[in-house]
Amino acid sequence: MEECLGWAARDPSGFLSPYKFSRRVVGSDDVSVKITHCGVCYADVAWTRDKLGGFGGSKYPLVPGHEIVGIVKEVGSNAQGFKVGDHVGVGTLVNSCRDCEYCNMYMDVYCSKGVVRTFSSVDVDGTITKGGYSTFIVVHQRYCSRIPDVYPLPLAAPLLCAGITVYSPMMRHKMNEPGKSLGVIGLGGLGHLAVKFGKAFGLSVSVFSMSLSKKDEALNKLGADGFVISSDEEQMKAMVKSLDFIIDTASGDHPFDPYMSLLKTGSTLVVVGVPTQVKLSPISLISGMKSISGSATGGIKERQEMVDFCAAHSIYPDVEIIPIQYINEALEKLIKGDVNYRFVIDIENSLK
């Protein structure tokens, strides 16, 4: 066992402070990664404050973080896909059965027997997983993604959750075909990447937000084709039956019927945010042969494909880099939506 330094929450207050713990010895199929950066996801708020009881509850002390990037420092004897010095990323899961229908399709995130999450989850050896707010991590090679050397590590971190969360449903619903129309609800960490993917795919992208302050960013910085204040009935009415697909990244509670009316016949709205409920009239589905769906973070091969696509097309998340000592303030700002667009912790230079 090797000692690791991290920051952990000890109780549902969610307050994080320094914490020492041990990582397992590197196994034959494992990779040990020196963590350089870790993205800050809203899941870090939810888990540190025990807001997701349906997943078995938070297990304290809890070291969050599942947008992990770093440099390989040791490889097991069977971990032939990686070598010391490689740039890699670790996302939202670190283990699965590797034998069910979904694992055999490298869609381990939907493992029939349940995944082992990167933090606050019981691993196969009975230990509790601890995430990327720490100096290093040991993980089975299957759950590592290679980061091209030309891609800056701090910018790669948000791809491991936010990026794949929007990329996966877009690919599944064939929203990489130029000329189609995409609606993006919410312009935060997930939403701004959905816009960037949409433009890279050659789509016509419209952003829906409650905040007029996001308009300039959406149109002039991110390159969206349209911006709609979702509370403005006239603006919404002008968009009726105009969209091939909507990706809903908003986690605050909001009505769904107005958005369903914007879809073309036979089209789909996919929920990737986490509102407390999804409520809509059946007529919104029946009248236009429309669908509403959900999506998790995506498959392992798909994640590598996404990372390579971002490197090839110079798609970079917009981030604010912070030291670990600022994490409690950063989580409060994240709750308020006061971040542009993803906090990324500089683990390498601040966690010592």
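All of these numbers come straight from a predicted model, not from anything done at the bench.

## Observations regarding the nonpolar core
In step 1: Ranked by internal contacts, the top residues of the largest apolar core, which has 44 residues, are Val 40, Tyr 133, Ile 324, Ile 327 and Ile 345.
In step 2: Here the element with the most residues in this core is strand S1 (residues 2-9); it accounts for five residues.
In step 3: Ile 327 has contacts with Trp 7, Leu 16, Val 40, Tyr 133, Ile 322 and Ile 345, leaving out every residue within four places of it along the chain.
In step 4: Membership of the second largest hydrophobic core comes to 43 residues, among which are Leu 153, Ala 194, Ile 229 and Val 344.

## Points about the layout of surface pockets
In step 1: Of the pockets and cavities examined, the second largest pocket occupies roughly 420 Å³.
In step 2: Those elements giving two or more residues to the lining of the second largest pocket turn out to be strand S2 (16-23), strand S6 (93-95) and strand S8 (136-140).
In step 3: For the lining of the second largest pocket, the per-class residue count stands at seven nonpolar, six polar and seven charged.

## A few points about the state of the cysteines
In step 1: For the structure on display, the rule yields zero disulfides.
In step 2: Free of any disulfide, Cys 111 has its nearest neighbouring cysteine sulfur in Cys 97, separated by 3.6 Å.
In step 3: Considering cysteine sulfurs only, Cys 161 is the nearest to Cys 310, which forms no disulfide, with 14 Å between them.

## Remarks on the packing of aromatic side chains
In step 1: Evaluation of the coordinates by the stated rule reveals ten aromatic pairs.
In step 2: Considering the side-chain rings of Trp 47 and Phe 119, the 6.4 Å spacing of their centres and the 85° angle between planes classify their relative orientation as edge-to-face. Of this pair, Trp 47 sits in helix H1 (residues 42-48) while Phe 119 sits in the loop between strand S7 (116-117) and S8, and the two are 72 residues apart along the sequence. Grouping residues by exposure puts Trp 47 and Phe 119 together as buried.
In step 3: For the pair Tyr 151 and Tyr 316, a centre-to-centre distance of 5.0 Å together with 45° between the ring planes defines the contact as tilted.

## Remarks on helix H4 (residues 189-200)
Each α-helix turn comprises 3.6 residues. Residues three or four places apart therefore point the same way.
In step 1: Compared with the 16 Å implied by 1.5 Å per residue over twelve residues, the 17 Å span of H4 between its first and last C-alpha is a close match.
In step 2: In terms of burial, H4 is largely enclosed, as ten of its twelve residues are buried.
In step 3: Of the positions making up H4, those classed as buried are Gly 189, Leu 190, Gly 191, His 192, Leu 193, Ala 194, Val 195, Lys 196, Phe 197 and Gly 198.
In step 4: Looking at the packing, one finds that the buried side of H4 touches helix H3 (162-172), strand S10 (181-185), strand S11 (204-209), strand S13 (243-248), helix H9 (300-312) and strand S17 (342-346).
In step 5: With its phi angle positive at about 80°, Gly 202 sits one or two positions after the end of H4.

## Regarding the sheet that holds strand S14 (residues 263-271)
In step 1: Strand order in the open sheet formed by six strands is S12-S11-S10-S13-S14-S15, and the pairing between neighbours is parallel. A single partner strand is all that each edge strand has here, and the edge strands are strand S12 (226-229) and strand S15 (291-294). The mean inter-strand angle of the sheet, taken between neighbouring strand axes irrespective of direction, is 20°.
In step 2: Of the pairings in the sheet, the one linking S11 to S12 comprises four bridges and is parallel in character. Paired with Ser 209 across the strands is Ile 229, a residue of S12.
In step 3: Sheet strands touched by H3: S10, S13, S14 and S15. Its angle to S13, the strand with the most contacts, is close to 155°.
In step 4: On the sheet, H4 packs against S10, S11 and S13 and is oriented at approximately 170° with respect to S10.

## Some remarks on the pattern of salt bridges
In step 1: Applying the stated rule across the entire model yields 16 salt bridges.
In step 2: Note that Lys 83 is salt-bridged to Asp 86, the shortest N-O span being 2.9 Å.
In step 3: By relative accessible area, Asp 86 is classed as buried at 7%.
In step 4: Here Lys 264 and Asp 244 are joined by a salt bridge, their closest N and O atoms 3.3 Å apart. Taken as a pair, Lys 264 in strand S14 and Asp 244 in strand S13 lie far apart in primary sequence, 20 residues in all.

Cut-offs and rules
As a convention, each chain's residues are numbered from 1 in the sequence order in which they are written. Only residues with pLDDT of 70 or above have their local features reported here, since the model is predicted, and side-chain atom pairs are shown and tallied only from 80 upward, although totals for entire chains, interfaces and linings are computed over all residues. Side-chain metrics rest on all non-hydrogen atoms present in the structure, leaving aside hydrogens and water. By convention a nonpolar core is built from buried Ala, Val, Leu, Ile, Met, Phe, Trp, Tyr and Cys residues, the set being connected through side-chain atoms within 4.5 Å. Three exposure classes are used, based on accessible area relative to the maximum for each residue type with a 1.4 Å probe and protein chains only: buried under 20%, partly exposed in between, and exposed over 50%. Secondary structure is summarised from DSSP: a helix means a run of H or I of at least four residues, a strand means a run of E of at least two, and numbering begins at the N terminus for each. The contact criterion used throughout is that any non-hydrogen atoms of two residues lie within 4.5 Å. Only protein atoms enter the calculation, which uses a 1 Å grid: trapped sets of points that fit a 1.4 Å probe without letting it out are cavities, open sets showing protein on both sides within 12 Å along at least five of seven lines are pockets, and any residue with an atom within 4 Å of a point is a lining residue. Grid points are joined across faces, edges and corners, and a volume is the space filled by probe spheres set on the points. Under the scheme applied here, ten amino acids are nonpolar (Ala, Val, Leu, Ile, Met, Phe, Trp, Tyr, Cys and Pro), four are charged (Asp, Glu, Lys and Arg), and all others, including Gly, are polar. Only a pair of cysteine sulfur atoms within 2.5 Å counts as a disulfide in this structure description. Note on aromatic contacts: the rings of Phe and Tyr and the six-membered ring of Trp form a pair at centre separations within 6.5 Å, being stacked when their planes are under 30 degrees apart, edge-to-face when over 60 apart, and tilted otherwise. In a helix, the anticipated span is given by 1.5 Å times the number of residues less one. Pairing between strands requires that DSSP locate at least two bridges from one strand to the other. Orientation is described by lines fitted to C-alpha atoms, with helices fitted over the stretch in contact, and by angles between N-to-C directions that extend from 0 to 180 degrees. Take a side-chain nitrogen of Lys or Arg and a carboxyl oxygen of Asp or Glu: if they are within 4 Å of each other, that pair is a salt bridge.

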